[in-house]
Structures are given as structure tokens and as C-alpha cells.
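Next come the chains, spelled out residue by residue.
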Amino acid sequence: MRKFTESVRAGISLTYQEMREATNMMFSDEITEVDIAYFLTALSMKGETTEEITALVEVLREHAIKIPLSTPVVFDNCGTGGDGSHSFNISTTASFVLAGAGLKIVKNGNRGISSRTGSSDVLEELGIALDFQPDEVDEMLGQTNIAFLFAPHVHPKMKRIQGVRKSLGTPTIFNMIGPLTNPAPLTTQLIGVYRQDKLMNLAAVLHRLGRKRAVVLTGAGGMDEASLAGENHLVLMNRGECIPFTLDAQDVGLSSAPLDAIRGGDAKVNADILKSVLRGEASPYLDTVLLNAGIGLFTAGMTSTIQQGVHLSRKSIESGQALHVLESVVTYSQNRKQLEGTL
């Protein structure tokens, strides 16, 4: 590990195989947490390459709990976090809209780390379990079009590295790769990242990971979600070809709004916002979800334009389908608990 750290400190990027070896070392008890911290800090200072990110993610996925699925087409939409916007749970809310529109989603999430309320916090507040077993993920996906994975459960070996990350208190490669580590066999994916300079990099990684189509975006104001506040920067990866473009909310028939208009709060506040959006109550919260869900449907190939995606997302809400998905997942969780209680 020290050899790799010295190379990275000298500005030399690791090869794919070297990064695989370094990542496996991080899971070994023979390597100290101090060595891991030095390596991650050096890597961050150098700047992570496509090869290094791909190797790290693939090793993490190999160590993750396997999630076998009977459906061949699966999507995930998620931001990396870390944008400091204190927004509500945009991608989590949008996921119910996407599922209501007929898209199959396996969403990988966690508790709030860089934000006050993570996706798992708000799901728990809504009455949704966080400890689904692999077979339950497939069953729930078949019944409701959506399933949720709690990162600490599917990545049990990450506990030690999480401790190192907290002790460092500065961003590392792990701040970028959360959405990439979903162990489900995804075919398409939407990722938001607060660093615009990483868009092409992450799009290339998604291709290396086997995604057929994906969008990576940085929202106006440096958000890790598409924003109503101005120009959003996106990269479409379609079978290896990466196409950058920009998008303003007004381009797809939505009104502009400042970032302050979509601030969230604790888990209860964000759960209430989520439900108000799924009920179709007009607000910047609703328009933000329509924008992100519209991009999601375009990413998954369900619509040929983002504007059509926004229209289909609005239909998912107005028809009651999005809210029905939420209610179905909550019911699934409650029935599961009742069944466990009788065993």
C-alpha cells in the first residue's frame, strides 16, 4: 500500500490492476487505517482517473451482497451527495414518480452523511424497511416497480473504510462513487455529482461498468441533482459515446426558482415534502422532481426527449400512480413485519 501511496503522491496514476490490488488491501486487516487514510488523501490530491474509479467500484461490487433479479431492465437514480445545498430528498421522491411511470428501479441509498437527511432516513420516516433480503428485493420490484437497498447492508466490508472517511473529514474518491456501487445488475442509470469537472470521467466509468445508457449531471448552483436555478450541465452516455449538453428548466416548460426554494429539513419535514409532491401540490419541490424524473425517463430510453419525460412524470403524479407506488411499498414493509412477528 505504501508503494502505491508513494506513486500517487508523485503524481503517477495507478493502472486498473494496481488499483484493484490497492482496493483489496483496504479490506485487509494487515493494512492500518492510517495507511488507508494516507492513500485516499494522496489519491484525492492527485485526482482520480477513470481506471482508478472503475477498479475501485468493481472490487466493491465483488465484495457486496449479491442481488439476483428476474427482471432484465433495471434503473437507478441517485446523487453523490456533498453539494451542501440542504435540499429535500429529490432523487428519492423522483424514484416513486419513475416507478409510477412504469420504470423498474432498484435504488441504492444511505443515511445522511454530508446532508442532514439521507434517502434511508426519509424512507424510514415513511414506514419503509431498510433491511430487505435479496429475494425480497426481487419480489418487491415485481410487485411495486421499485426496491430499496441500504448501503451498509449490501456493503458490509465498508464499515472500516467509513470510519477512515469520518476521521479524515475531507472528500475522497468515496464521495463520488456511492451511486456507482449499486450491486444490482443495472442497465441504465442517472447520477448527479456536485463536481462538474467529473462528468465525462464518471460517464466513461459507467460505460466500463456495463451500463448501456446513462446520464451524469451537475445542477445549477453546483447541485448533485438537476436544478431550477439556472443552467444544468449533463453528459449522455449512449453505448460508449459521451455527449455533453446543457439544460435549463424553462427549456422543458418548467419555471425557474432559486435553490432556497427547495431546502429541506429533518426526516419528518422531508417526508412531508415528498408526500406533497406525490399528491401533485404545485411548488418548486414538484417542478424539481418533474425535471429530475423527466431526465430519468429520458435516460432510461422511455422517452425520446426530456420534455416528453417531464410530461410522462406529471402524468405519473396526476394519475395517482406515483403515490400508489409509495403506498404499495409501505404496505409491503408492514406486511413483512407482521409476517416476521408470527414466526
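Right above here is the structure, for reference.
Reading guide: rules and limits
Residues numbered from 1 in each chain as written. Predicted model: local features only at pLDDT ≥ 70, side-chain atom pairs only at ≥ 80, totals over all residues. Heavy atoms only, no water. Helix = DSSP H or I, 4+ residues; strand = E, 2+ residues; numbered from the N terminus. Buried < 20%, exposed > 50% of the residue type's maximum accessible area, 1.4 Å probe, protein only. Polar contact = N/O pair within 3.5 Å; in protein donor to acceptor, adjacent residues only side chain to side chain. Axes fitted to C-alpha atoms, helices over the stretch in contact; angles between N-to-C directions. Parallel < 35°, antiparallel > 145°, perpendicular 65-115°, else oblique. Contact = heavy atoms within 4.5 Å. Nonpolar A, V, L, I, M, F, W, Y, C, P; charged D, E, K, R; others polar. Salt bridge = Lys/Arg side-chain N within 4 Å of Asp/Glu carboxyl O.

**Student:** Before we go on, may I ask you to explain the environment of S319 in this structure?
**Tutor:** Tracing the backbone shows S319 in the loop between α14 (306-318) and α15 (321-342). On the basis of relative accessibility, which here comes to 47%, the residue S319 falls in the partly exposed class. Distance in space between the C-alpha atoms of S319 and L141 is 20 Å, their sequence separation being 178 residues. Within polar-contact distance, the side chain of S319 engages the backbone oxygen of K315 at 2.8 Å. Engagement of the side chain of S319 in a polar contact is seen with the backbone nitrogen of Q321, the distance being 3.3 Å.

**Student:** Looking at this structure, how should I read the packing of helix α5 (residues 90-100) against α14?
**Tutor:** As a packed pair, α5 and α14 sit with axes 8 Å apart at the nearest point and diverge in direction by 90°. Between α5 and α14, the angle is such that the two are roughly perpendicular. Along the contact surface, α5 presents F96, V97 and G100, while α14 presents S313, S316 and I317. Broken down by class, the residue content of the contact of α5 with α14 amounts to three nonpolar, three polar and no charged.

**Student:** What am I meant to see in the side chain of H155 here?
**Tutor:** Along the chain, H155 falls in the loop between α8 (151-154) and α9 (159-168). Look at H155 and you get buried, because its relative accessible area is 8%. Each residue touching H155, except ones within four places of it in the same chain, is listed here: L60, A64, T181 and P183.

**Student:** What is the right way to read the pattern of salt bridges from this model?
**Tutor:** Pairing between side chains becomes possible if they bear opposite charge and their charged atoms approach one another. In total, this model carries ten salt bridges according to the counting rule given. Residue E51 pairs with R208 through a salt bridge whose shortest N-O separation is 2.5 Å. Of this pair, E51 sits in helix α4 (residues 50-63) while R208 sits in helix α11 (residues 199-208); the two residues are 157 residues apart in sequence, bridging distant segments of the chain. One salt bridge in this structure joins R336 and D131, with 3.0 Å as the shortest N-O distance. Of this pair, R336 sits in helix α15 while D131 sits in the loop between α6 (119-126) and α7 (134-144), and the two are 205 residues apart along the sequence. Taken together, the shared-partner salt bridges connect D131, E136 and R336 into one network.

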